[in-house]
Amino acid sequence: MAPTTKTPGDLAFIVSTSTKKPNPELRKFIRSHVMIGKNRGKTLRPRYNKIADSDPPTDPNQSNPGQEDNEHAGSSSAAQSRAVIPRRVGSDLSFIQFADAIEDSSITTIFQFSAMAKGALFPLESCIAFGPKETKWLEALTLDAAYLHAMAFSAHAYFEMLPGRHHTAVLPPHHPSSSSRTHVLKTLRLLRERIETPNHDGVIQASFSTAAIVLCLAFHAHVMGEHDAAMHHMLGLRKIVDLKGGLPSLADNAKLVVEILRCDIGMALHSGAKPLFFADRGAEPFWPLPDFSAHVFPMATAELGVGVEGDFVLPSSIDPELVACWRVTRQFCALVNEAAASRSKLPKEYLFDTMAAVTYRLLHKSPWPAPGTLDNAVLLGLLAFCSSVFLQWSGVRLPSAWLPTAYRECLLALEDPVRGGYNHDYNYSYSNSGGSGSENSNVCPRPLLLWLLTVGAISVLGDPAISVFGEGDDGPHYDIWLKPRLRANAELCGVDSWPAMRALLSSFIWVGLVHDAPGKAVFDSAMSLNPYSEFY
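Residues numbered from 1 in each chain as written. Predicted model: local features only at pLDDT ≥ 70, side-chain atom pairs only at ≥ 80, totals over all residues. Heavy atoms only, no water.

## Focus: the overall build of the protein
Inclusion rule: Each helix is a run of DSSP H or I of at least 4 residues and each strand a run of E of at least 2, with the numbering of both proceeding from the N terminus. Each residue is assigned to one of three classes by its accessible area relative to the maximum for its type, calculated with a 1.4 Å probe on protein chains only: buried under 20%, partly exposed between the two thresholds, exposed over 50%. Any two residues having at least one pair of non-hydrogen atoms within 4.5 Å are treated as being in contact. To be clear on the numbers: accessible area is Shrake-Rupley with a 1.4 Å probe, and residue cover counts the displayed protein chains and nothing else.
A tally of helices and strands in the protein yields 21 helices and four strands. Classification of the 536 residues of the protein by burial places 45% in the buried group. Contacts spanning at least 24 positions in sequence make up 73% of the contacts within the protein whose residues lie at least 6 apart. Of the roughly 27600 Å² of accessible surface on the protein, 57% is carried by carbon and sulfur atoms.

Encoded structure:
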């Protein structure tokens, strides 16, 4: 390699004439020259965090004339660098312009309730594919002031009804707080202004939120014990639905339809009056009974098979319409149990269609079965079961005065095989196709009575320790008549453990996800009683 030569313009020329490696000095020169080209056009970022590191180490005991100035300059530079990123101001909701002035705490409560609403209001939420949250319900908060306040008092009401939240002498259970009352009054005022507009029918027809507002008012009045006001709101809601063209016209808003029907059903179970919807079968036919044959899980095939499901646990004397409702409910429960076992989800239409088709057929049953008959017991048993599956709220028991009373009177009026001497073993079953059933329609088969007692205890009769709802209405009388009777019938059926009891209950209608925990509690509680207790 020839030596490096430079021209008068300081340009370096390297002449290579051999295969030997260049000496270290020349190699350093070549690398330096290459890096000049690579870094051309680039700018280095300021090294703010290296200011302190660049200072030489000093002895803390030694005075440095420029130390104070350097420290002051360093702190000033650090403050300037921190000022580049501003502090967080407000919350994530601060930049949303809501339809009316409202306190931040209420907005937080609305969004907290919205995030947990499906799981809180639907006990089968983990097995049902509800789909993504619809944005129009949240968008309405920025467009409709009445809807904003309706959602505020509804969310407040749910959290206030949770056990232990407000049960005091000043604010008794199911009594609205001052914050809820404020939002209720604002909602009523804004809704009245809307109704008093010249073209109020057109405004109502064009907006889905008006129906949602009245629904919130009806349900809030119902859970707070203001049942006359609740019925007044429901009549207004019925008119709004009619103005829109009936329930079929709301098919694109399934959530609203389901909540309207749930409110209507819940109020009917409380008052004993007929529901407002599907009262005129000519103008508004019953919801069709769903066909589950297109969606069958392998483990549920036996439950859905022809000649196996539904009828085999019921006497042949049972009303055919009740048998059809029993069959559909049992098929639906078989699918739910399999979905829970396989961690899969069912279409939401299965839940909605079963609820609407079964419960309205039961509530509008005509003629109503006579008290003390098996038809009456099966009808009320299905209503109690449906209330725990379709209407239950998590941790909150909704008002229900008529159903617990009617259920208790029915069970006490039935001819108990224990007392009436109807002797048959656990495996005795009935079939509509040639099976032998009792000629006396008042005598209840022992396994069926055991199912009725258990479903009543965990759904509507309400021991606080075992009810899926929470607080009960039956008070101290619950221990006197139901538990001893349940224990006596369990022993006569040969049931002496919870697995055996669960197997019996599952042969009827049962959803393990909802009923296993309270069912085991009521069984354990009943079996712990004195075996010589009276059961009437």
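## Observations regarding empty space enclosed by the protein
In plain terms, the rule: Points on a 1 Å grid over protein atoms alone make up a cavity when a 1.4 Å probe fits among them but cannot get out, and a pocket when they form an open set with protein on both sides within 12 Å along at least five of seven lines; lining residues each have an atom within 4 Å of a point. Grid points are joined across faces, edges and corners, and a volume is the space filled by probe spheres set on the points. Nonpolar residues are Ala, Val, Leu, Ile, Met, Phe, Trp, Tyr, Cys and Pro. Charged residues are Asp, Glu, Lys and Arg, and all others, Gly as well, are polar.
Applying the stated criterion across every chain, the model contains four cavities of 30 Å³ or more. Quantified by volume, the second largest cavity comes out at close to 60 Å³. Around the second largest cavity sit Met231, Met234, Asp264, Met267, Ala268, Ser271, Ala273, Lys274, Pro275 and Leu276, which together line it. Looking at the lining of the second largest cavity, the elements with two or more residues in it are α10 (227-243) and α11 (254-271). With four residues, α11 is the single largest residue contributor to the lining of the second largest cavity. Of the residues assigned to the lining of the second largest cavity, the class counts are seven nonpolar, one polar and two charged.

## Looking at the pattern of salt bridges
This is how it is decided: Between Lys or Arg on one side and Asp or Glu on the other, a salt bridge is scored when a side-chain nitrogen of the former is within 4 Å of a carboxyl oxygen of the latter.
All chains considered together, the criterion is met by 11 salt bridges. Taking the shortest distance from any N to any O, the salt bridge between arginine 189 and glutamate 193 comes out at 3.4 Å. Of this pair, arginine 189 and glutamate 193 both sit in helix α7 (residues 178-195), four residues apart, which is roughly one turn of that helix. Residue classification places glutamate 193 among the partly exposed residues on the basis of a relative accessible area of 42%. When the shortest N-O distance is used, the salt bridge between glutamate 259 and arginine 262 registers 3.4 Å. With a gap of three residues between them, glutamate 259 and arginine 262 both fall in helix α11, about one helical turn apart. Since its relative accessible area comes to 4%, arginine 262 is described here as buried. Because the salt bridges share partners, they merge into one network encompassing Arg238, Asp242 and Glu284.

Function-wise, these values are silent; they only describe arrangement.
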